[in-house]
Amino acid sequence: MRNFRGYPAYLHARSLCVLVMRATDGLPLNQRFELGSQLRRSALSVPSNIAEGAGRATSASFLHFLSIALGSLHEVETQFGIAVELSHVPEASVAPVEKEMEATRQALVGLMKAVRSPSATHR
């Protein structure tokens, strides 16, 4: 069993999720249940998949869930970009979310490389 709580990828993903939740609190009513709901689910999926993968028995399974987390991160990037373009999120939220998305991506890709490594020590 891997301790996912210490992985930088998990910590960044969790922080990103909180930032996205806060940034989407003020979405217009007509977007709250469309774009907002999808964006929140995608953001929540990133740390959730890292945690679920860490609980799997094999590195291959862990890597599969990390790959899903990366896909969800791309969804967040797309959906957040659309929300920004539509002026649905506060300007003050944009830079922190974008910075955390990039930090999450870098940490997640690094973790994936470590898991693929034959001498992986990601416990």
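Residues numbered from 1 in each chain as written. Predicted model: local features only at pLDDT ≥ 70, side-chain atom pairs only at ≥ 80, totals over all residues. Heavy atoms only, no water.

Regarding the overall build of the chain
- When helices and strands are counted, the chain shows five helices and zero strands.
- Reading the chain from its N terminus to its C terminus gives the helix and strand order α-α-α-α-α.
- Against the 2.2 N^0.38 benchmark of 14 Å for 123 residues, the chain shows a C-alpha radius of gyration of 15 Å, consistent with a compact globule.
- Taking the principal axes of its C-alpha atoms as reference, the chain extends roughly 50 × 25 × 20 Å.
- Put simply, the chain has 123 residues, and 41% of those count as buried.
- Across the chain, the fraction of contacts at a sequence separation of at least 24, relative to all contacts at a separation of at least 6, is 74%.
- Only carbon and sulfur atoms are counted for the fraction: they give 56% of the accessible area of the chain, which is about 6700 Å².
- Taking the average place of the 13 positive charges on the side chains of the chain and the average place of its 10 negative ones, the gap between the two points comes to 13 Å. (Helix = DSSP H or I, 4+ residues; strand = E, 2+ residues; numbered from the N terminus. Rg over C-alpha atoms; globule rule 2.2 N^0.38 Å. Buried < 20%, exposed > 50% of the residue type's maximum accessible area, 1.4 Å probe, protein only. Contact = heavy atoms within 4.5 Å. Areas by Shrake-Rupley, 256 points an atom, 1.4 Å probe, with all protein chains shown as cover. Lys, Arg positive; Asp, Glu negative; His and termini not counted. Charge placed at Lys NZ, Arg CZ, Asp CG, Glu CD.)

So, the nonpolar core
- Tyr-7, Ile-50, Leu-66, Phe-80 and Leu-108 are the most contacted members of the largest nonpolar core, which has 32 residues in total.
- Going through the elements one at a time, helix H1 (8-23), helix H3 (35-54), helix H4 (59-85) and helix H5 (91-116) are the ones with two or more residues in this core.
- Beyond its immediate chain neighbours, meaning those up to four positions away, Phe-80 contacts Ala-23, Leu-39, Val-89, Ser-93, Val-94, Val-97 and Met-101. (Core = buried A, V, L, I, M, F, W, Y, C linked by side-chain atoms within 4.5 Å.)

Focus on the pattern of salt bridges
- Counted by the stated rule, this structure contains four salt bridges.
- Taking the shortest distance from any N to any O, the salt bridge between Asp-25 and Arg-40 comes out at 2.7 Å. Of this pair, Asp-25 sits in the loop between H1 and helix H2 (29-32) while Arg-40 sits in helix H3, and the two are 15 residues apart along the sequence.
- Residue classification places Arg-40 among the partly exposed residues on the basis of a relative accessible area of 26%.
- Notably, a salt bridge pairs Glu-52 with Arg-56, separated by 2.6 Å at the nearest N-O pair.
- Judged by relative accessible area, Arg-56 falls into the partly exposed class, the value being 35%.
- Within the structure, one salt-bridge network assembled from shared partners comprises Glu-77, Glu-102 and Arg-105. (Salt bridge = Lys/Arg side-chain N within 4 Å of Asp/Glu carboxyl O.)

Re the side chain of Gln-79
- Among the secondary structure elements, Gln-79 is positioned in helix H4.
- The class of Gln-79 is buried, set by a relative accessible area of 10%.
- A polar atom in the side chain of Gln-79 sits 3.5 Å from the backbone nitrogen of Leu-39. (Polar contact = N/O pair within 3.5 Å; in protein donor to acceptor, adjacent residues only side chain to side chain.)

Structural notes on the packing of aromatic side chains
- According to the stated counting rule, one finds two aromatic pairs in the structure shown.
- Judged by centre distance (4.9 Å) and plane angle (75°), the ring pair of Phe-4 and Tyr-10 falls under edge-to-face. Considered together, Phe-4 and Tyr-10 belong to a single accessibility category, that of buried residues. (Phe/Tyr/Trp six-rings, centres within 6.5 Å; stacked < 30°, edge-to-face > 60°.)

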